[in-house]
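Chains, contacts and geometry: an overview
In case you want the letters, here they are:
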Amino acid sequence: TDGTPIPGQQAPEITVEGMNGDLLKLSALRGNYVIIYFWRPFEPTTMLVSIFDLYRKHSSSGNLRLFTIALQSDKNKDWIQTLATNNAPGSHHGFEIVPSSKNSAYALLGRPGLNAITLVDPNGNYYKVNDAFEFESSTSDLSKYISSKR
């Protein structure tokens, strides 16, 4: 195996630096569905904004969290302004430097690619969703969605 998590199995712990220099951990969101989204601050924000809209649409149940991770070449904080400009919901937004080490969040989640969503269920199980549009058109009920992916 190449280290990519297997859908339905426990997601690896990931930790990234947050907006204020604090460490953000996936495990802190346990008990919730978590959408993990990797993005690059220098690319158009169309998909990022779509992810924000998707989150807002499905977050009314109260047990959905968004964890965005900006992939950067340095510690430049322009990504924070991009989040503010696009009215980012939630508070779990961080970044990591690329190219990533084998212990980076991006590597631990199997290098899912940009514009791909990784979904983690309340028990910490990993599910990869091919792209935002598949997720959006699947169902508004995340429990049914995850069951359909098993």
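Look up: the structure comes first, before these words.
Position numbers for residues count from 1 along each chain, tracking the sequence in the order it is written. Note on the predicted model: pLDDT of at least 70 is required for a residue's local features to be given, and 80 or more for side-chain atom pairs to be given and counted; whole-chain, interface and lining totals, by contrast, use all residues. Heavy atoms throughout the structure, all of them, feed into the side-chain values; hydrogens and water do not.

1. Overview of the overall build of the chain
- Here a helix means four or more residues in a row that DSSP labels H or I, a strand means two or more in a row labelled E, and each is numbered from the N terminus. Counting secondary structure elements, the chain contains five helices and seven strands.
- Beginning at the N terminus, the succession of helices and strands in the chain can be written as β-β-β-α-β-α-β-α-β-β-α-α.
- Residues counted as buried form 45% of the 150 residues belonging to the chain.
- Within the chain, contacts between residues separated by at least 24 positions form 67% of all contacts whose residues are at least 6 apart in sequence.
- If you sum the accessible surface of the chain, you get close to 7400 Å²; carbon and sulfur atoms cover 48% of it. The cut-offs for exposure are 20% and 50% of the maximum accessible area for each residue type, with area from a 1.4 Å probe on protein chains only; residues under the lower value are buried, those over the upper are exposed, and the others partly exposed. Only heavy atoms enter the contact rule, under which two residues are in contact if any of them lie within 4.5 Å. Per-residue and other accessible areas follow the Shrake-Rupley method at a 1.4 Å probe size, with only the shown protein chains counted as cover for residues.

2. Quick word on the packing of aromatic side chains
- Stacked, edge-to-face and tilted labels apply to pairs of Phe, Tyr and Trp rings (six-membered ring for Trp) whose centres lie within 6.5 Å, assigned for plane angles under 30 degrees, over 60, and everything in between, in that order. Counted according to the given criterion, the structure contains two aromatic pairs.
- With 5.0 Å between their ring centres and 75° between their planes, Phe38 and Tyr106 make a pair best called edge-to-face. Note that Phe38 is positioned in strand β3 (residues 33–39) and Tyr106 in helix α3 (residues 105–108), a separation of 68 residues in sequence. Just as Phe38 is buried, Tyr106 falls in that class too.
- An angle of 40° between the planes, with centres 5.5 Å apart, marks the rings of Trp79 and Phe95 as tilted. With Trp79 in helix α2 (residues 78–85) and Phe95 in strand β5 (residues 92–97), the pair connects residues that are 16 residues apart, well separated along the chain. Taken individually, Trp79 and Phe95 each receive the classification buried, so the pair is uniform in this respect.

3. Some thoughts on the pairing of strand β4 (residues 64–72)
- β4 sits mainly inside the fold: eight of its nine residues count as buried.
- With the strands pointing away from the viewer, any crossover whose connection runs clockwise from the first strand over the helix to the second is right-handed. A crossover links β3 with its parallel partner β4, the connecting element being helix α1 (residues 46–58), and its sense is right-handed.
- If DSSP finds at least two bridges between two strands, the strands pair. Across six bridges, β4 lies against β5 in parallel orientation. Within β5, the position partnered with Ala70 by the bridge is Phe95.
- Since β4 and β5 lie parallel, the crossover through α2 that links them has a hand, and here it is right-handed.

4. What to know about the pairing of strand β1 (residues 15–18)
- Of the pairings in the sheet, the one linking β1 to strand β2 (residues 23–25) comprises three bridges and is antiparallel in character. Looking across to β2, one finds that Thr15 is bridged to Lys25.
- Counted along the chain from β1 to the antiparallel partner β2, the turn is four residues long, and its residue Gly21 has a positive phi close to 85°.
- Pairing of β1 with β5, which is carried by two bridges, proceeds in the antiparallel orientation. Residue pairing across strands places Gly18 opposite Gly94, the latter belonging to β5.

5. What to know about the nonpolar core
- Formed by 20 residues in total, the largest nonpolar core has its most connected members in Ile35, Tyr37, Trp39 and Ile117.
- Mapped onto this core, the elements with two or more residues apiece are β3, α1, β4, α2, β6 (117–120) and β7 (126–129).
- When residues of this core are assigned to their parent elements, the largest contribution, six residues, is made by α1.
- Counting 18 residues, the second-largest nonpolar core is a separate cluster that includes Val16, Leu24, Ile36 and Leu71. What we call a nonpolar core is a set of buried Ala, Val, Leu, Ile, Met, Phe, Trp, Tyr and Cys residues that are connected through their side-chain atoms within 4.5 Å.

6. Quick word on unusual backbone geometry
- A positive phi angle is found at Asn87, which is not glycine, with a value near 55°.
- Along the polypeptide, Asn87 turns up in the loop between α2 and β5.

So far we have only geometry, and geometry alone does not tell us how the molecule works.
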